[in-house]
Amino acid sequence: MPPLPPPSPVARSVPAQQAVQAQQPVSRPAPVQAPVQTYRPQQGVDRGGYRLGVGDSIRISVHGEPDLTMDVRIGESGFVNYPFLGDIRVLGMTVSQLEQTIDRGLRGDYLIAPDVRVLVTAYRYFYVNGEVRLPGGYPFVPGLTVRQAVTLAGGLTERASSRRITVYRESQPSVPIDATLDTMVNPGDIVAVDQGLF
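Remember, it's a predicted structure, so these values are computed and weren't measured experimentally.

Criteria and cut-off values
- Residues numbered from 1 in each chain as written.
- Predicted model: local features only at pLDDT ≥ 70, side-chain atom pairs only at ≥ 80, totals over all residues.
- Heavy atoms only, no water.
- Helix = DSSP H or I, 4+ residues; strand = E, 2+ residues; numbered from the N terminus.
- Buried < 20%, exposed > 50% of the residue type's maximum accessible area, 1.4 Å probe, protein only.
- Contact = heavy atoms within 4.5 Å.
- Expected span 1.5 Å × (residues − 1).
- Pairing = 2+ DSSP bridges.
- Axes fitted to C-alpha atoms, helices over the stretch in contact; angles between N-to-C directions.

Points about the environment of Asp115
Okay, so step 1: Position of Asp115 among the secondary structure elements: in the loop between helix 2 (95-106) and strand 5 (116-122).
Okay, so step 2: For Asp115, a relative accessible area of 32% translates into the label partly exposed.
Okay, so step 3: In sequence terms Asp115 and Ile102 are 13 residues apart; their C-alpha atoms lie 9.8 Å from each other.
Okay, so step 4: Those residues in contact with Asp115, other than ones at most four positions away along the chain, are Ser61, Val62 and His63.

Shown next, in the form of structure tokens:
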């Protein structure tokens, strides 16, 4: 009687197939970079206190009215051209004030009870200069500290002093603030890092 042929590799039992699969390296997806943080009413800069400025990008929407939804970046003029209402000066307004202005303009003549929402989708830049490796302007994100701002600017140079940092607020540029690495940074602020004393 002739010998039986060896079993075909295709005819492996289920446990054998599972054992082979277990030896295969597991591929992991590449890490995904976190999205840029945008403004939401429940997080970030205080909704009532944050004032819109040149360079901010905002989304204006009215519930159920897609023709009244628009994304716009605030330009040097400080005005936004909005349907039915024309030019609205938004510079210096809070998000809530802009919502109320648009609500008043639409209510009655155009809509009975408009549900207006304004979101800051991208903040204006803040600036870092002095003894950092990459001085310049950087997009603001809520919760930013001087330490994080300096990191974005490439870190301190060898001559820098972490104890001689000044912040110039956009709202009061003539009033310098002695800052620490934990001082909060606002949109439009200038962070200046000085040399250490040798």
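What to know about helix 2
Okay, so step 1: Between its terminal C-alpha atoms helix 2 stretches 17 Å, which fits the 16 Å expected from twelve residues at 1.5 Å a residue.
Okay, so step 2: Close packing links the buried residues of helix 2 with strand 1 (57-62), strand 3 (79-82), strand 4 (86-89) and strand 5.
Okay, so step 3: After helix 2 finishes, the residue Gly108 shows a positive phi value of roughly 95°.

A look at the sheet that holds strand 1
Okay, so step 1: The strand order across the open sheet formed by three strands is 2-1-5, and the pairing between neighbours is antiparallel. In the strand order of this sheet, the two ends are held by strand 2 (70-73) and strand 5, each with one partner. When strand polarity is set aside, the average angle formed by the axes of neighbouring strands in this sheet is 25°.
Okay, so step 2: Sheet topology note: the strand 1/strand 5 ladder contains six bridges and is antiparallel. Along strand 5, the bridge assignment pairs Ile60 with Val118.

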